[in-house]
Amino acid sequence: MSHDSDRAARLVAWGYRQVASGNTRLEAFLEEALAAALEAPGFWPRLVAHLGWTDAVPSALPAVTTQDVIATGRTDIRLSWGKRSLVLELKVGEAPSAGQIGRYFDTGVDVAAIAKFPARPSVQPPAGSRFLGVVTWHRIHSLHWPDAPLEVRQLKALLEAAEVIVPFVNLDALQGMVRSRDAWDVIDRWARVGMERVARTLSQGRSVSWVAKEGSRKGSVDDGYQRFVHWIWMPPWRDAEGFGLYGGLFLGRPGEPTLVEGLPDLVLALHLNPAGKLAPGLAQMPSWESVPHNRTRRQQQQQDGVLRELRPGSWELVRDRSAGILLLTSDNQEQALGDWFEARVNEWAMDSVLACIEDMHKIT
């Protein structure tokens, strides 16, 4: 199939024809969806940077063709820049063998494979050609692009529906389990001590109290939702509302990477069920009207590495983050984490966030 500028526009019709003719091979659908995404402006240079291919292939938008006939069969996808080409061999499951990959080098091109599972086939490309390795569908899906065009979003949705996204453990991750074994207990203690300190600060001279435990409930470490945090709240605890503050480490989520790749963020957040009974009351409070302006102004004025987020409709309505490298620059890391928590809640007090939270608590 030669390159057409309207491939994305024809994608649904192409899919219908495939099903109508009895061709339901998943590889064919992945091939066409990936080809459409590769033709979308901006996707290819982002993918090149994401995969670390900057020195291996041009970042300029290539001509994209599928099912090109060669002496040894057909290519899945070919990317071309004049006389230079990169062939992508796609697999739904296991990566292609070295023999399968090697047959493409007869045409004088570079080759890369995309598969569900990682692999390192022993490939010896001839002079003038490169093998760029096996890339997983999971790796492509993890490309962070909040405003991605429809073709890219369709590809990601197909990868999810096809269940070809399989996270895997690499050498760094395995080694990290040993290296970080003791660190989790240390961070657990620091987060608990720091948030108990915040609870004491917030309770001093105020009409409401903050606690880290209440009856049988304890604000113990929460390692769900890619966070490692401790909780405080104003009694009583409301399960349905999840209304409280948490602080500790944020480990990143799909679509929400940490501020520095490979490092967790320090995090302090106001947690509240957006579909509960309390959230609408908070947003309607007169004092809340100034909060978005205050937060935006502070973010613009204070270039201190803190990301101050206001996230309407999210469980984490107010969230502050800083790169975890901050801890590595301190001689007293436990103190530094507690100081960071305190600095954030002091800002929240000045920006009317805490007053709104406490006022809402009083009327519920």
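Attention here is on the structure that accompanies the text.

Cut-offs applied
Here the residue index of a chain counts from 1 through its sequence in written order. In keeping with the predicted nature of the model, local features appear solely for residues at pLDDT of at least 70, side-chain atom pairs appear and are counted solely at 80 or more, and the whole-chain, interface and lining totals rest on all residues. Processing note: side-chain calculations cover all non-hydrogen atoms of the structure and skip hydrogens and water entirely. Going along the chain from the N terminus, every DSSP run of H or I of four or more residues is numbered as a helix, and every run of E of two or more is numbered as a strand. Per-residue accessibility, obtained with a 1.4 Å probe over protein chains only, is compared with the maximum for each type, and a residue is labelled buried under 20%, exposed over 50%, and partly exposed between these values. Accessible surface is estimated by sampling points in the Shrake-Rupley manner with a 1.4 Å probe; for residues, cover comes only from the protein chains shown. For the purpose of charge, His is not counted, nor are the chain termini; Lys and Arg are scored as positive and Asp and Glu as negative. Here the site of a charge means NZ on Lys, CZ on Arg, CG on Asp, or CD on Glu. Axis geometry follows a simple rule: fit a line to the C-alpha atoms, using only the stretch in contact for helices, then measure angles between N-to-C directions, giving values from 0 to 180 degrees. Under this scheme an angle from 65 to 115 degrees is roughly perpendicular, one under 35 degrees roughly parallel, and one over 145 degrees roughly antiparallel; angles in between are oblique. What makes a crossing left-handed is the near helix being turned counterclockwise from the far one by less than a right angle; a clockwise turn instead makes it right-handed. Here, residues are in contact when the closest pair of their heavy atoms is within 4.5 Å. For this classification, the nonpolar set comprises Ala, Val, Leu, Ile, Met, Phe, Trp, Tyr, Cys and Pro, the charged set comprises Asp, Glu, Lys and Arg, and every other residue, Gly included, is treated as polar. Strand pairing is assigned whenever DSSP identifies at least 2 bridges connecting the two strands. By the criterion applied in these results, polar contacts are pairs of N or O atoms within 3.5 Å in which, for protein atoms, one can donate a hydrogen and the other can accept it, and in which residues neighboring in sequence qualify only through two side-chain atoms. We define the nonpolar core as a collection of buried residues of types Ala, Val, Leu, Ile, Met, Phe, Trp, Tyr and Cys that are connected through side-chain atoms lying within 4.5 Å of one another. Regarding the arc, it is the one traced by the directions from the helix axis to the C-beta atoms.

1. What about the overall build of the chain?
Per the secondary structure count, the chain includes 13 helices and 14 strands. Along the longest, intermediate and shortest principal axes, the C-alpha atoms of the chain span 80 × 45 × 40 Å. Looking at the 364 residues of the chain, the share that counts as buried comes to 47%. Accessible surface, the chain as shown: approximately 18,300 Å² in total, 53% of it carbon and sulfur. Across the chain, the centroid of the 40 positively charged side chains sits 0 Å from that of the 43 negatively charged ones.

2. So, the packing of helix α1 (residues 11–20) against helix α2 (residues 26–39)
One can describe the packing of α1 onto α2 by two numbers: an axis separation of 11 Å at closest approach and a directional angle of 165°. By the angle between their directions, the pair α1 and α2 is classed as roughly antiparallel. Of the two possible hands of crossing, α1 and α2 adopt the one that is right-handed. Residues Leu11, Trp14, Gly15, Gln18 and Val19 of α1 touch α2, and the partners they reach there are Ala28, Phe29, Glu32 and Ala33. A breakdown of the residues in the contact of α1 with α2 according to their chemical character gives 6 nonpolar, 2 polar and 1 charged.

3. Digging into the environment of Asp55
Structurally, the position occupied by Asp55 is in the loop between α3 (43–51) and β1 (63–66). Sequence spacing of Asp55 and Asn346 is 291 residues, and the spatial spacing of their C-alpha atoms is 47 Å.

4. Overview of the sheet that holds strand β6 (residues 110–115)
Strands sit in the order β1-β4-β5-β6-β7 across an open sheet of 5 strands; the sheet is mixed. In this open sheet, the two strands that pair with only one neighbour each are β1 and β7 (131–136). Between one strand and the next, the sheet's axes are offset by a mean angle of 20°, whatever the strand orientation. Pairing geometry for strand β5 (residues 84–90) and β6, over 5 bridges, is parallel. The residue bridging Leu88 from the neighbouring strand is Ala112, located in β6.

5. Considering the sheet that holds strand β13 (residues 307–310)
Each strand in a sheet pairs with another by means of backbone hydrogen bonds, the pair being arranged parallel or else antiparallel. Taken in spatial order, the 5 strands of this open sheet run β10-β11-β12-β14-β13, and their pairing is antiparallel. Two strands close off the open sheet at either side, each with one partner strand: β10 (227–232) and β13. For this sheet, the mean inter-axis angle between neighbouring strands, taken without regard to orientation, is 15°. Alignment of strand β12 (residues 265–271) against strand β14 (residues 316–323), held across 7 bridges, turns out to be antiparallel. Looking at the pairing, Leu270 lines up with Val318 of β14. Running over the sheet, helix α8 (residues 181–203) touches β10, β11 (244–250) and β12 and is turned about 30° from β10. The sheet strands contacting helix α12 (residues 333–350) are β11, β12, β13 and β14, and the helix crosses β12 at an angle near 40°.

6. Quick word on the side chain of Glu256
Inspection of the secondary structure puts Glu256 in the loop between β11 and β12. A relative accessible area of 19% places Glu256 in the buried class. A distance of 2.6 Å separates a polar atom in the side chain of Glu256 from a polar atom in the side chain of Arg319. Sequence-distant contacts of Glu256, that is, excluding residues within four places in its chain, are made with His144, Phe250, Arg311 and Arg319.

7. A word on the pairing of strand β4 (residues 77–81)
Extensive coverage of β4 is indicated by the burial of 5 of its 5 residues. Side chains Ile77, Leu79 and Trp81 project from β4 onto one buried face, and the interleaved Arg78 and Ser80 project onto a second face that is buried too. Both β1 and β4 contribute to a ladder of 4 bridges, which runs antiparallel. Bridge pairing in β4 links Thr66 to Ile77. In the sheet, β4 pairs with β5 via 5 bridges, with the strands oriented antiparallel. Considered in β5, the bridge of Ser80 is made with Ser85. Between β4 and the antiparallel strand that follows it, β5, lie 2 residues; Gly82 among them carries a positive phi value of about 65°.

8. Some remarks on the packing of α8 against α12
Contact geometry for α8 and α12: axes closest at 9 Å, N-to-C directions at 40°. By crossing handedness, the relation of α8 to α12 is classed as right-handed. Mapping the contact onto sequence places Arg189, Trp190, Ala191, Val193, Gly194, Met195, Arg197, Val198, Thr201 and Leu202 in α8 and Gln333, Glu334, Gln335, Leu337, Gly338, Asp339, Phe341, Glu342 and Val345 in α12. Here the residues of the contact of α8 with α12 are counted per class, giving 9 nonpolar, 5 polar and 5 charged.

9. Some words on the nonpolar core
In this structure, Trp210 and Leu270 are the most contacted members of the largest nonpolar core, which totals 39 residues. Those residues within four positions of Leu270 in sequence are excluded, and the remaining contacts are Phe243, Gly244, Leu245, Leu282, Trp315, Glu316, Leu317, Val318, Trp348 and Ile357. In terms of nonpolar packing, the next biggest core, distinct from the first, is built from 36 residues, Phe43, Ala112, Leu143 and Val164 among them.

10. Some remarks on helix α10 (residues 291–301)
Buried within α10 are the following residues: Val291, Asn294, Arg295 and Arg298. Take α10 and look down its axis: the buried residues cluster within an arc of 95°, on one side only. Of the residues in α10, the exposed ones pointing more than 90 degrees away from the buried face are His293, Gln300 and Gln301.

11. Describing α3
Among the residues of α3, those classed as buried are Phe43, Trp44, Leu47, Val48, His50 and Leu51. When α3 is viewed along its axis, its buried side chains cluster within an angular range of 165° and face the same direction. Buried residues in α3 make contact with α2, β4, β5, β7, α5 (137–141) and α6 (150–162). The positive-phi residue at the C-terminal boundary of α3 is Gly52, with phi of around 75°.

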